[in-house]
Amino acid sequence: MYRYDEFDRKFVNERVAEFRGQVARRMSGELSEEEFRPLRLMNGLYLQLHAYMLRVAIPYGTFSAEQMRKLAQIARTYDRGYGHFTTRQNIQFNWPKLEDVPNLLAELADVEMHAIQTSGNCIRNVTADPYAGAIVDEVDDSRIWAEIVRQWSTLHPEFTFLGRKFKIAVSASDYDRAVVRFHDIGLFIKKNDAGETGFEVWIGGGLGRTPMIGKISNEFVPAEDLLSYLEAVLRVYNMNGRRDNKYKARIKILVHETGLDELRAQIDAEWAAIKDSALKVPEYEIERIRVYFAPPPFETLNAVDRGFETKKFENPEFSRWVNGNVVAHKQVGYAIVNISLKTDDLPPGDITADQMDNLADLAENYSFDEIRATHEQNLVFAHVKQSELFELWRELGEIGLAMPNIGKVTDMIVCPGLDYCGLANTRSIPVAQRISKRYADLDQQFDLGELKLKISGCINACGHHHVGHIGLLGVDRRGEEFYQITLGGSGAEDAAIGSIIGPAFSSSDIVDAVEELINFYVEIRNQGERFLDTYRRVGAAPFKSRLYPEKLDAAA
Amino acid sequence: MPLLKGRNIVEDAWTLLADNLELPEAGFVIVSLDRFIRDRDLLVACSGPIGVRLSSAQSPELIADALEVFSLIELEFPAFTDGRPYSYAQLLHRLGFAGEIRAVGNVLRDQYLNLKRCGFDALEIKEGETAEEWCIATGAFSAPYQVAYDTEKPIMSLREKRLAAAS
Ligand code: HEM
Ligand code: SF4
């Protein structure tokens with residue numbers, strides 16, 4: 001794991017001091033709310049429906065037990081005992097008081113954490129593959145490069161007042177576990193024929209009211225040129241992106257309106273002018289950072305652990321959890337464990353302070369003191385011995401975190417919605433809870449297989465509904481909460497934007513409508529076919545006529 | 001308005017020339033881009049120094065072929081949230097502009113460090129404000145993470161130095 005050296009530590013402490021000054025100026029009235037707003041947003045502090053909300057960065061999703069314990073303590077002291085994991089490897093705390101935030105940030109700095117650029121029109125927290133360093137299909141550890149980008153982008157003097165937020169994600173695999181193609185810049189680490197490292201760069205992806213899949217602007221940017229290339233993209237965007245309408249200010253709109261070829265030419269011209277400069281990433285810095293992400297001291301183990309196999313055979317519940325939540329590790333005898341935060345008791349992504357403390361202990365005991373946050377609002381223990389999976393499962397069960405539903409219908413991404421958010425049309429969490437109840441039967445969930453359901457309370461799409469196999473979007477119909485259904489989206493390597501299937505459903509009808517769609521899928525699926533594959537095979541029309549039979553009657 | 005340069009408030013020899021006023025022979029006037037386009041020959045011929053003010057929607061690319069005409073370029077921030085001029089300043093340096101780059105308009109004092117790091121030489125502040133207030137921001141960080149226009153050594157090269165010293 002990356003650890004701060006004296007430079008990082010000093011920098012973050014200085015940022016806390018600066019923000020403390022800004023808060024004091026706001027409290028004394030020297031800064032108006034309008035002036036303070038962009039300053040606080042740049043440090044992750046939102047004003048929501050009922051109170052402030054602070055968003056804390058977990059850069060590229062990796063954090064330690066000590067950091068988790070600090071988050072637990074913050075949840076107890078400043079929130080009401082909960083933390084909320086988001087889709088961008090951040091954790092949010094509701095209810096902090098403005099005057100408490102500087103102290104809260106100082107406590108975070110003690111454990112090498114911060115809220116820098118978790119909001120605002122700047123380069124946001126850089127995200128990466130949550131399985132980095134553990135998964136066999138990666139060509140490099142994406143966190144090394146995410147850390148390099150994090151440092152370059154932190155308080156970048158030129159890019160802190162962009163036209164709009166700017167999100168960067170990194171993956172080193174053909175499997176996309178970080179929705180890379182829906183980021184302003186998505187980076188796929190590649191090796192060329194000579195074995196050199198470089199980046200396939202995707203630009204202009206995004207969700208929100210105009211969802212777009214990114215496009216490849218460069219197929220191979222050599223590793224040492226990464227920062228000059230990013231700087232060229234950002235400069236072209238900063239100078240030319242629209243500023244007249246905030247809904248058209250993301251780089252995706254610039255790509256769309258300028259055209260990829262023309263924009264690429266502009267980027268390349270800027271890049272050529274700055275490539276051979278101090279922006280080159282020096283080898284010693286890459287190596288310095290790489291050392292932090294060296295594999296933990298794995299033991300040499302057998303590929304098959306007899307005890308583990310026996311336990312699976314004896315205990316069907318354990319076996320189901322292994323099938324659902326455990327992924328093969330690149331180190332023989334180890335496994336990647338997903339910990340679902342889609343339990344029966346709490347809103348998706350939420351976790352109690354006690355659970356956080358317990359998980360911190362478990363991470364120390366079972367996973368080399370490392371925890372990961374995923375974009376699907378879950379957690380991961382990346383390095384667990386097969387032989388210890390049973391014990392871990394038992395202990396997770398004791399704290400209510402052994403739900404085996406990863407990738408299943410109840411593993412929903414859900415935005416805070418009207419329960420918290422001032423921009424919401426509808427509530428999201430209660431709908432998610434009703435769907436979870438409807439599909440409480442785990443056998444049924446496993447029978448349905450991978451099914452990604454995602455819910456947003458308004459068109460800003462924080463709940464990723466555009467890329468749900470089934471997406472629900474909250475809309476306002478004459479003051480009533482309604483939900484529009486989209487089908488066929490995907491945020492993975494088979495990226496697609498879902499299509500609206502028909503008129504929206506009322507809150508009381510929406511869960512039945514979802515069930516109807518799923519029932520129809522079950523009736524017509526081929527063996528082993530996911531919901532998404534069935535939808536892609538038969539198209540929208542049959543789903544539509546099933547969902548809106550009255551339309552057919554009227555037409556007949 | 002007071003002009004902040006580095007850590008001091010300094011005398012400002014320049015005036016902004018309204019588009020309808022005649023060009024003084026001594027120069028030291030700042031014209032709009034429109035005026036420059038209209039009276040280009042006249043301005044080029046002027047014996048005194050000339051400046052131009054660009055709004056945040058006017059890229060320096062528009063005057064890229066005339067940079068040597070100007071001793072001063074003012075980049076205007078219509079709102080402190082409009083960050084385009086930061087990139088314009090970087091671009092001007094890259095294009096080889098050697099004169100003074102000034103920030104005018106709406107800037108928060110928290111942004112002074114960013115301005116300096118992007119290569120602004122001076123900044124118009126409000127009547128009554130002090131240099132000390134503005135310079136709090138420039139002292140906020142001992143070292144930045146990234147290179148910018150400024151000569152400030154980024155953290156990366158400090159690390160390299162430490163590495164070299166250790167070996
Ligand atoms: C409750 C406070 C929140 C507010 C006021 C808020 C506001 C917004 C707005 C205005 C956008 C649209 C930005 C644009 O299209 O330019 C957006 C997008 C987004 N938000 Fe939130 N959000 C909130 C919470 C969250 C949470 C809790 C998550 C994670 C679960 C989240 C994740 C995202 C994502 C992933 C996007 C889409 C980014 C894209 O367009 O590519 N937001 N949010
Ligand atoms: S999608 Fe809309 S309702 Fe949901 S959190 Fe984002 S802004 Fe709020």
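Let's shift gears to the overall build of chain A. For chain A, the helix and strand inventory stands at 19 helices and 21 strands. Taking 24 Å as the expected radius of gyration for a compact globule of 556 residues, we find that chain A reaches 23 Å, a close match to that expectation. Overall, the C-alpha framework of chain A stretches about 65 × 60 × 55 Å when taken along its three principal axes. Across the 556 residues in chain A, those meeting the buried criterion constitute 62%.

Here we take up the coordination of the iron atom of ligand 1. What the protein offers the iron atom of ligand 1 as a donor is a single atom, Cys462(A) (SG), at 2.2 Å. As for its position among the elements, Cys462(A) is in the loop between strand S17 (453-456) and strand S18 (470-477).

Take the sheet that holds strand S7 (residues 100-105) of chain B next. All names here are of chain B. Ordered in space as S2-S1-S8-S7-S6-S5-S4-S3, the eight strands form an open sheet in which the pairing is mixed. Single-partner strands in this sheet number two, and they are strand S2 (8-10) and strand S3 (15-16). Across two bridges, S7 lies against strand S8 (residues 122-124) in parallel orientation. For Arg102, the partnering residue across the bridge sits in S8 and is Ala122. With respect to the sheet, helix H3 (residues 84-94) is in contact with strand S6 (70-77) and S7, its orientation differing from that of S6 by roughly 160°.

With that settled, consider the sheet that holds strand S14 (residues 371-373) of chain A. Whenever strands of a sheet pair, they do so through backbone hydrogen bonds, lying parallel or antiparallel. Residue and element names in this part refer to chain A. Read from one edge to the other, the open sheet built from five strands follows the order S3-S14-S15-S12-S11, with strand pairing classed as antiparallel. Edge positions in the open sheet fall to strand S3 (62-63) and strand S11 (326-328), since each of these has one partner strand only. For S3 and S14, the ladder comprises two bridges, and the chain directions are antiparallel. Bridge pairing in S14 links Phe63 to Ile371.

On to the domain arrangement of chain A, then. All names here are of chain A. Entries for chain A in the domain assignment read domain 1 (6-110), domain 2 (134-292), domain 3 (306-398) and domain 4 (413-555). Relative to domain 3, the C-alpha centre of domain 2 lies at a distance of 32 Å. The interface is formed by eight residues belonging to domain 2 together with ten residues belonging to domain 3. Regarding the contact of domain 2 and domain 3, the summed buried area is about 640 Å², with carbon and sulfur atoms giving 58% of it. Three residues stand out in domain 2 for area buried against domain 3, namely Ala134, Ile135 and Arg143, and they jointly supply 66% of the buried area on that side. Connecting domain 2 to domain 3 are two salt bridges. If you look at where domain 2 meets domain 3, you find four residue pairs in polar contact (both at pLDDT 80 or more).

This part is about the interface of chain A and chain B. Where interface size is quoted, it is often the accessible area lost as the parts come together. Of the residues lining the interface, 45 residues belong to chain A; the matching set on chain B comes to 35 residues. For the pair chain A and chain B, the number of links is nine salt bridges. Its salt-bridge partner being Asp8(A), residue Arg159(B) comes within 2.9 Å of it at the nearest N-O pair. Taken together, the elements giving at least two residues each to the side of chain A that touches chain B come down to helix H1 (6-27), helix H2 (33-41), helix H5 (142-153), helix H6 (226-240), helix H8 (260-274) and helix H9 (283-292) of chain A. With ten residues, H1(A) is the largest single contributor of residues to the side of chain A that touches chain B. Of the residues assigned to the side of chain A that touches chain B, the class counts are 19 nonpolar, seven polar and 19 charged.

This part covers the site of ligand 1. Residue and element names in this part refer to chain A. Contacts to ligand 1 come from 21 residues, most closely from Gln48, Lys165, Lys167, Arg250 and Cys462. In this structure, Arg164 approaches ligand 1 through a side-chain N or O atom, which is 3.1 Å from an oxygen atom. Here Gly208 contributes a backbone N or O atom positioned 3.3 Å from an oxygen atom of ligand 1. Taken together, the residues of the shell around ligand 1 break down into seven nonpolar, nine polar and five charged.

What counts, and at which threshold
Residues numbered from 1 in each chain as written. Chains lettered and ligands numbered in written order. Predicted model: local features only at pLDDT ≥ 70, side-chain atom pairs only at ≥ 80, totals over all residues. Heavy atoms only, no water. Helix = DSSP H or I, 4+ residues; strand = E, 2+ residues; numbered from the N terminus. Rg over C-alpha atoms; globule rule 2.2 N^0.38 Å. Buried < 20%, exposed > 50% of the residue type's maximum accessible area, 1.4 Å probe, protein only. Donors = N, O, S within 2.8 Å, 3.2 Å for Na, K, Ca; no water. Pairing = 2+ DSSP bridges. Contact = heavy atoms within 4.5 Å. Axes fitted to C-alpha atoms, helices over the stretch in contact; angles between N-to-C directions. Domains from an automatic or database assignment. Buried area = accessible area lost by both parts, 1.4 Å probe. Salt bridge = Lys/Arg side-chain N within 4 Å of Asp/Glu carboxyl O. Polar contact = N/O pair within 3.5 Å; in protein donor to acceptor, adjacent residues only side chain to side chain. Nonpolar A, V, L, I, M, F, W, Y, C, P; charged D, E, K, R; others polar. Near = heavy atom within 4 Å.

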